[in-house]
Amino acid sequence: MKLKTALALGAGFGALCTYADAFSAEVYSGYTLLRQETKDMQDDDFMNPGMGALARGAAMFTTPNAKGVSCASCHGADGKKLSAKRIAQYPVLDAKSKRPITLQQRVINESSERLGISTLKYESDDALSLEAFVRNIARGQEVNVQTDGAMTPFYEAGKKLYETRSGQLNMACSLCHDNHPGEKLRAQVLSQGQTNGFPLYRLATGKLTGTQTRFNQCFDAFRAKPYPFGSEEYTLLELYANAHGNGLKIETPAVRF
Amino acid sequence: MSKVLLGVMCACLPLFAAAADSIPGTPAPKVDQPEAYQPWKAVAYAIQEPLGGLKGNAANGRKIAIDRSKGNCLACHVMPIQEEEFHGELGPALGKIGKKYNEGKLRMRIVNIQEVLADSLMPPFYMKPDKLNRVVEKYQGRTVLTAQEVEDVVAYLTTLK
């Protein structure tokens, strides 16, 4: 009888520990799930296939418009006058609109308002290259998205979208990335859905890929209507996804499957 | 005046051309219509009656389990299907699932597992389409599997013992 009680107590304690582990799981970058050869590819700037787009972004950054002005005129040729800490806080609350704005939207707005370049389309190769160049300046900085104060309602709305089922397969981001990270979906290991490496190079598509394009790819997989790039919904979803990885180091341009 | 008339006739030409494409009396091009949704009744987390009274074909069910655009069971489950590599591990292995659950319980889990496990990430293969959210146009009004395909998969799973 005593033995049985001890066993039951032990089993109960064990179950409790597993339960606690599941909910105190720390955030980790998708990098930790990569094969060594993919890690090596990301870590070596000469091998990293995302670097081509970065060079394109760097060229855009320094190319002057008709009036001889470029991004570099204010931010320095290598963008070093930009604050890496600030870059790591995106999406931030926009001072004018009082709403969250993504880094790519900021880059697009600045190009349009200050340089008169209105041809940058959200998630286009050009916009992504420029965003990647800027975010790369903050490589190694910890993601630090505001979730409190005036940001709270937007963060909560983003969380709700993250947890809302949609599509014919009736899936939600959280069902895979919160409940099953590290487990195998066919040959692919599910990640926590962290965004600290975006824009990143996807080996599966052979392209520099933005956060919102990645959202589309998941929505496609579960046969759901994606939201438009730069929409309110995707901004909120990106806000939540980025904040979800607060504390992770920025890896742009990361390499992922 | 006749010039104006000619102009009007010319403007109407494309219209005539378009009208000629669909000659009255010929059937409209066949559109793949979704089949009618078969109602089902669950008792104690089991659906005892086959959908639409259909009989399942186990061999076909096995094919559907492999097909990535249909059941795609291998995405998340290890199954006794040796010719396919890389079985997923998100869900339980199904090698002996026919021993664990009877036919009615299996049918319930294929039709909509979320009626049994609310937080399950397994897709509902025969959920009423109007209860779904933001389905892409191509799949609107459709279930993932047809009633016959559900029965085929159920027939296959009952053989896994």
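One can find the structure itself at the top, above this paragraph.
The rules behind each value
- Residues numbered from 1 in each chain as written.
- Chains lettered and ligands numbered in written order.
- Predicted model: local features only at pLDDT ≥ 70, side-chain atom pairs only at ≥ 80, totals over all residues.
- Heavy atoms only, no water.
- Salt bridge = Lys/Arg side-chain N within 4 Å of Asp/Glu carboxyl O.
- Helix = DSSP H or I, 4+ residues; strand = E, 2+ residues; numbered from the N terminus.
- Buried < 20%, exposed > 50% of the residue type's maximum accessible area, 1.4 Å probe, protein only.
- Contact = heavy atoms within 4.5 Å.
- Buried area = accessible area lost by both parts, 1.4 Å probe.
- Nonpolar A, V, L, I, M, F, W, Y, C, P; charged D, E, K, R; others polar.
- Patch = residues over 30% accessible without salt bridge, like charges linked within 9 Å, V, L, I, M, F, W, Y side chains within 5 Å.
- Areas by Shrake-Rupley, 256 points an atom, 1.4 Å probe, with all protein chains shown as cover.
- Lys, Arg positive; Asp, Glu negative; His and termini not counted.
- Charge placed at Lys NZ, Arg CZ, Asp CG, Glu CD.

**Things to note about the pattern of salt bridges**
Here's step 1: Tallied over the entire structure, the rule returns 13 salt bridges over all chains.
Here's step 2: Between R139 of chain A and D45 of chain A there is a salt bridge, with its nearest N and O atoms 3.2 Å apart. Within this pair, whereas R139 of chain A is found in the loop between α7 (125–136) and α8 (152–162), its partner D45 of chain A is found in the loop between α2 (36–43) and α3 (51–62), the two being separated by 94 residues in sequence.
Here's step 3: The class for R139 of chain A is partly exposed, based on a relative accessible area of 36%.
Here's step 4: For R186 of chain A, the salt bridge identified is with E84 of chain B, shortest N-O distance 2.9 Å. Taken as a pair, R186 of chain A in the loop between β3 (184–185) and β4 (188–189) and E84 of chain B in the loop between α2 (58–66) and α3 (97–100) lie in two separate chains rather than in one.
Here's step 5: Through salt bridges that share partners, E103, R107 and E151 of chain B make up one connected network.

**Section: the interface of chain B and chain A**
Here's step 1: Contacts between chain B and chain A engage 31 residues on the former and 23 residues on the latter.
Here's step 2: Both sides together, the interface formed by chain B and chain A hides about 2400 Å², and carbon and sulfur atoms give 52% of it.
Here's step 3: Area buried by chain B at its contact with chain A is led by L90, L121 and R134 of chain B, which between them contribute 31% of it.
Here's step 4: Per-class residue counts for the side of chain B that touches chain A are 15 nonpolar, nine polar and seven charged.

**Comments concerning a negative patch on the surface**
Here's step 1: On the surface, a cluster of negative charge is made up of E37, D40, D43 and D44 of chain A.
Here's step 2: With respect to the element layout, D44 of chain A can be found in the loop between α2 and α3.

None of the figures reported here should be taken as evidence of function without further support.
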